[in-house]
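Chain and residue survey
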Amino acid sequence: MLKFNGLVIWRLGSRAIIRKYSSPSATVFKIEKIESSKSTPDKNIASPETKIRDNPSLVAAAFASINSPESEDSRKPSPKSVKLNRHQILENEIAKANDVNSLLLVAENPIVSRRHALKMVSTLSEWSSTNKVKLSDFEKDPRFLKLCRILARSTSSQALSSLTMAEDLSTVLGITGDDEAARLIGNLSLTQMIKVMKALHSKGRRSTPLLRALSHNITNQSEQLDLKKSADLLFAMASLNFPDPVLMDRICNDVISNLKSNQDKPAVVTSIMVSLGLLRYRHEAALSALGDWLQTHKDVCRASDVASAVVTFGTVDFVPPLSDGLVENALSLKEEEMVKPSSWLDLVFSLLTLSQARDDHLLSTVRPDFIDKLLSAGEIPIPARRKLMAIDAYISLKFPQHGARLAEDISVGVPIVYTKEKALYVQSIMDTFKTLVSADAFMKRECYSGMGFLYDAEFALNSKCHPVPLEKAVNDKSVHRIAVLGLDYHDMTRRTVVPLGVNQLYTKLLEMKGFKVLQIPYTEFNPKDKLVTRVQYIEKRLKQIVSNSL
């Protein structure tokens, strides 16, 4: 211990602590030695042993470091921060790139992520749209294909194995199907955009942003769609359930223009016809042109081509004015000419929908031997069983003298229920009827017809439009028995909005059973309208039905 003038006492150790002694004139700086391996009597003091005693210069350095900010270069970055810095460096390199080579040079980095890949592909797309580069400059570059594989791996495990070196940008977009890919659509050619649509169909991927971008850009193309492109687009749209009305109208107009150039290829014409039926698209001009072509070129048409056209006509409930000969050709077809029994059933049902079926056609579908043919392919699907039930009901009502009837087990276990949307629509109709026919004795709801379908309600009115109890209306011919059929969006055709052919058949069957049918299409009845407006609409329709029956 050193003492100077009795005022300051210095003691050397490993730690400096200022202590005030009782003497007011003395200040003591105490440096105590503390070992790290054991505790000291003062339990509040604990720190590692240093080498200050051996190297006094460290004291000055330690005090200097307290007052100076820590140098950024002296810090050792964590692995996470290193990773983030590398990603930031990649983004900066992408932003600084000014040509294809410098941009794709970034793709060689092993830590390129999907976000980086999308950014690079978007940059290439932007350059391509401004004619700064050409698609051929990078389309088959291995580094670009690496970006393609990164995008594919992020969305589909099978995409990576299906991607080959020869695939172009359209295939990449078909695999990704994201919002980022939708922005690239405008830079593709018409052929490439159709490839994207077909790729989406083949993979069953219904990417709404991508489909909307495709529809918009294909519609705005000045290049006309040939029949093959039109057929591919319509079939993909039908398979993906994406009935864009603007694009379908554009396709139909191009089909009408290009039909004259086709002389010997009925397959593409049939494909277009079938797709229009699947889409429920009643473009009467296009249907007329297609029907006229099939009738004019009947020498090169197969039986299946004629049958497919009639099925579409039956679906949309439209026979073109000049296609009577086509329907006659269909009537002359035999069951043996169809590829499979279900095709014959579809044809006969469509002819019945169009009021063109002969009794021998109808009877052929309910015979036990025909049912056995259907069963040979497996369990008869529910839609086919419902068709058989409707045909059987028509035979019993139109030709009661025929003894042949459908086997009872065909109709057993056929579920007939509303979809969620249809149930909400029908419920709105029933809520409106409560103000007109309130008691259950006057109205029956969700009625099973026994003919393969449901009708929404049944009630009776007298000549003054007053409700009559159902029990009293059974044998009273002065009373009007009303059957209600609510028709939502899925029960109507598109473009020219009318009830589908099958709903017109159901109406016909109910009328044959003595009902007056009140069809309520969604185009005339809005569930969101005020109750007063809905009641007035139904009252008006009921008065029309009663007055037309007098």
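This is a predicted model, so every value here is computed, not measured. (Residues numbered from 1 in each chain as written. Predicted model: local features only at pLDDT ≥ 70, side-chain atom pairs only at ≥ 80, totals over all residues. Heavy atoms only, no water.)

1. Points about the overall build of the chain
Heads up, the rule is: Each helix corresponds to a stretch of at least 4 residues labelled H or I by DSSP, and each strand to a stretch of at least 2 residues labelled E; elements are numbered beginning at the N terminus. Between buried and exposed lies partly exposed: a residue is buried under 20% and exposed over 50% of the maximum accessible area for its type, with that area taken using a 1.4 Å probe on protein chains only. Only heavy atoms matter for contacts: two residues are in contact if any of them lie within 4.5 Å across the pair. Residue burial considers only the protein chains on display, and all accessible areas are found by Shrake-Rupley using a 1.4 Å probe.
Looking only at helices and strands, the chain has 23 helices and eleven strands in total. In the chain, which comprises 550 residues, the share counted as buried stands at 44%. Considering only residue pairs separated by 6 or more positions, the chain has 64% of its internal contacts joining residues 24 or more positions apart. Accessible area of the chain: about 29900 Å², with a carbon and sulfur share of 52%.

2. So, the environment of Leu-214
Residue placement: Leu-214 occurs in helix α10 (residues 208-219). You can call Leu-214 buried: its relative accessible area is 0%. Considered as a pair, Leu-214 and Val-196 are 18 residues apart in the sequence and their alpha carbons are 8.2 Å apart. Beyond its immediate stretch of four places on either side in the chain, Leu-214 contacts Ile-185, Met-193, Val-196, Met-197 and Leu-200.

3. Describing the side chain of Arg-534
Applicable threshold: In this tally, Lys and Arg are treated as positive and Asp and Glu as negative; His is ignored, and so are the chain termini. Each reported salt bridge corresponds to a side-chain nitrogen of Lys or Arg within 4 Å of a carboxyl oxygen of Asp or Glu.
Mapped onto the secondary structure, Arg-534 falls in helix α23 (residues 531-549). An unpaired buried charge is present at Arg-534: no salt bridge exists, and Asp-431, the closest side chain of opposite charge, is 5.8 Å distant. The residues contacting Arg-534, other than those within four sequence positions of it, are Ser-428, Thr-432, Phe-525, Asn-526, Pro-527 and Asp-529.

4. Digging into the pattern of salt bridges
A side chain with one charge may pair with a side chain of the opposite charge, provided their charged atoms come close. Counted by the stated rule, this structure contains 18 salt bridges. A salt bridge links Asp-305 to Arg-302, with the nearest nitrogen and oxygen atoms 2.9 Å apart.

5. Details of the packing of helix α15 (residues 303-316) against helix α16 (residues 324-331)
As a reminder, the rule being used: Between N-to-C directions, angles span 0 to 180 degrees; the directions come from axes that are lines fitted to C-alpha atoms, helices contributing only their stretch in contact. What makes a crossing left-handed is the near helix being turned counterclockwise from the far one by less than a right angle; a clockwise turn instead makes it right-handed. Put simply, Ala, Val, Leu, Ile, Met, Phe, Trp, Tyr, Cys and Pro go in the nonpolar bin, Asp, Glu, Lys and Arg in the charged bin, and everything else, Gly too, in the polar bin.
Two elements in contact, α15 and α16, have axes whose closest approach is 9 Å; the angle formed by their N-to-C orientations is 115°. Considering only the axes of α15 and α16, their crossing is left-handed. Each of Val-306, Ala-309, Val-310 and Phe-313 in α15 lies in contact with α16, whose residues at this interface are Leu-326, Asn-329 and Ala-330. Taken together, the residues of the contact of α15 with α16 break down into six nonpolar, one polar and no charged.

6. Quick word on the nonpolar core
Inclusion rule: We define a nonpolar core as any set of buried Ala, Val, Leu, Ile, Met, Phe, Trp, Tyr and Cys residues linked to one another through side-chain atoms lying within 4.5 Å.
Membership of the largest hydrophobic core comes to 98 residues, with the highest contact counts inside it found for Met-197, Leu-214, Leu-347, Ile-391 and Leu-510. Each residue touching Leu-510, except ones within four places of it in the same chain, is listed here: Met-451, Phe-453, Tyr-455, Ala-483, Leu-485, Phe-515 and Val-517. The next biggest cluster of nonpolar side chains, apart from the first, holds 25 residues, and it includes Leu-103, Leu-104, Val-121 and Trp-127.

7. Looking at the confidence of the model for the chain
What counts, and what does not: Confidence of the predictor in every single residue is expressed as pLDDT, which spans 0 to 100.
Counting all residues, the mean pLDDT for the chain is 81, and 79% of those residues have values of 70 or more. Under a pLDDT of 50 for its full length, residues 1-76 has, in the predicted model, 67 contacts with residues more than four places off or in other chains. Counted against residues more than four places away or in other chains, residues 154-177, with its pLDDT under 50, gives 55 contacts.

8. Focus: the packing of aromatic side chains
In plain terms, the rule: Here a Phe, Tyr or Trp ring, Trp counted by its six-membered ring, pairs with any other such ring whose centre lies within 6.5 Å, and the pair is stacked when the planes are under 30 degrees apart, edge-to-face when over 60, and tilted otherwise. Whether a charge lies above a ring is judged from NZ of Lys or CZ of Arg, which has to be within 6 Å of the ring centre and within 35 degrees of the ring normal.
Counted according to the given criterion, the structure contains eight aromatic pairs. A centroid spacing of 5.7 Å and a plane angle of 55° characterise the contact between Tyr-455 and Phe-515, whose relative ring orientation is tilted. Linking Tyr-455 in strand β7 (residues 454-461) with Phe-515 in the loop between α22 (501-512) and β11 (516-521), this pair joins segments that are 60 residues apart in sequence. In this structure Phe-515 comes out as buried when scored by relative accessible area, which is 5%. For the cation-ring pair, Arg-481 lies above Phe-515, with the distance from its terminal atom to the ring centre recorded as 4.1 Å.

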